[in-house]
Amino acid sequence: MFEKLESLKARYEELTEAMAQPEVTADYARLQEIMKERTSLEEIVRKYGEYLSLRQHLAEARELMSDPDMAEEAAAEAAELEGREGPLVEELKLLLVPPDPLDSRNVVMEIRAGVGGEEAALFAGELVRMYQKYCDRGDLKMEILSLADTELGGVTEAMLMISGDGAWARMKFESGVHCVKRVPVTESGGRIHTSTASVAVFPEAEECEMEIRPEDIRVDLYRASGHGGQKVNKTETAVRLTHLPTGLVVTCQDERSQLQNRAKAMTVLRSRLLDRRRQELQSAQDADRKDQIAGGDRSQRIRTYYFNHDYVVDHRLGMTVPRVQYTLDGDLDPFISALRLAEKTERLKSLHD
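Residues numbered from 1 in each chain as written. Predicted model: local features only at pLDDT ≥ 70, side-chain atom pairs only at ≥ 80, totals over all residues. Heavy atoms only, no water.

**Some thoughts on the packing of aromatic side chains**
Aromatic ring pairs are reported here in terms of the distance separating the ring centres and the angle at which the planes meet. Per the counting criterion, the structure on display carries 4 aromatic pairs. On the numbers, 6.4 Å between centres and 15° between planes, the contact of Tyr48 with Tyr51 is stacked. Within this pair, Tyr48 and its partner Tyr51 are both found in helix α3 (residues 28-64), separated by 3 residues, close to a single helical turn. Both residues of the pair, Tyr48 and Tyr51, belong to the buried class. Each ring, one from Tyr306 and one from Tyr311, has its centre 5.3 Å from the other, and the planes form 50°; the classification is tilted. The class for Tyr311 is partly exposed, based on a relative accessible area of 28%. These aromatic residues form a ring-pair network of at least three members: Phe2, Tyr48 and Tyr51. Between the NZ or CZ atom of Arg182 and the centre of the ring of Phe307, over which it lies, the distance is 4.8 Å. Over the ring of Phe335 we find Arg303, and its NZ or CZ is 4.5 Å from the ring centre. (Phe/Tyr/Trp six-rings, centres within 6.5 Å; stacked < 30°, edge-to-face > 60°. Helix = DSSP H or I, 4+ residues; strand = E, 2+ residues; numbered from the N terminus. Buried < 20%, exposed > 50% of the residue type's maximum accessible area, 1.4 Å probe, protein only. Lys NZ or Arg CZ within 6 Å of the ring centre and 35° of its normal.)

Here it is, written out as structure tokens:
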């Protein structure tokens, strides 16, 4: 483990030196490649530096324990440092876990209203806004590919593209059924209702990864619509693609150009087909094991938003976070950080199985 950490530290220093070389700074593509690799090593190199510093201070404290005048104070310091050493080693082990090769991919996200009628559509609309606000907080960008809304401002179905560094690494855990418990605006009796919305997340597929034969696609063109199906375009710019072998259907109507909508719909379809293949492979590999994160199980209830108690529960980890509105305003970091840590812990365990 420590030999690996030393090699990563040496590589980080090598990349740092390379960034200062004139021939590298003159080659933008090469510079970007080096910066990306260096950035990927920053956290583990920083943590390893913290460990080396702790080991040095621990050695100094133990040496001072032989001095009668310093023995008591040095022993207390050594005990404190020894208590920090174990957790720090565990953190380093987790950082050495190989990342998901898809972590750097962009994300295609589908949100659909579930059980609950208009209230479910309103909740689905809030989820769309929640992900938009989460992206606005950081370095991710969200683009609406298609959206079917209701007269009350709800959403029956939305297709989103989320792009940026580590989009899949952060958003893959959002896949599943989201529930809300509250008194709907459509409820006159003051009763609490349970409504649902489903979220499906796919890593964006590269064109070379998933080739789609033209004869396997049926293309339908229609006019983009607004509230309640009202036509908002006079020309048929919206595109619906049907993949005949699987029956998968993708629509895109956000762009004014038919060609742009078709290109985006193909990106989504390719991503959905790749994800289906990935899920099949993962199911075969994990037939004898249960994934505690269950990040890809879209039939599972993953999170409930309790308005009456003002907290949100993530059922995968039994984690409760106060203030529902904070979460709906895009504060997803507590959930995402905990789930990423749990995923790494589980992957670390599987490496030793």
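Anyway, onward from the coordinates.
**Some words on the sheet that holds strand β9 (residues 301-306)**
Overall, mixed pairing links the 8 strands, which are arranged β2-β3-β1-β5-β4-β9-β10-β11 in an open sheet. Edge positions in the sheet fall to β2 (141-149) and β11 (319-322), since each of these pairs with one other strand and no more. Strand after strand, the sheet turns through a mean of 20° between neighbouring axes, direction not considered. Bridge count between β2 and strand β3 (residues 155-163): 8 bridges; the pairing is antiparallel. By the bridge assignment, Leu147 is partnered in β3 with Ala158. (Pairing = 2+ DSSP bridges. Axes fitted to C-alpha atoms, helices over the stretch in contact; angles between N-to-C directions.)

**A short note on the packing of α3 against helix α4 (residues 71-95)**
Running from N to C, α3 and α4 point in directions that differ by 155°, and their axes come no closer than 9 Å. Put simply, α3 runs roughly antiparallel to α4. Here α3 runs over α4; the crossing is left-handed. For the contact of α3 with α4, the residue count by class is 15 nonpolar, 1 polar and 10 charged. (Parallel < 35°, antiparallel > 145°, perpendicular 65-115°, else oblique. Left-handed = near helix turned anticlockwise from the far one by under 90°. Nonpolar A, V, L, I, M, F, W, Y, C, P; charged D, E, K, R; others polar.)

The values reported here are purely geometric and, on their own, carry no functional implication.
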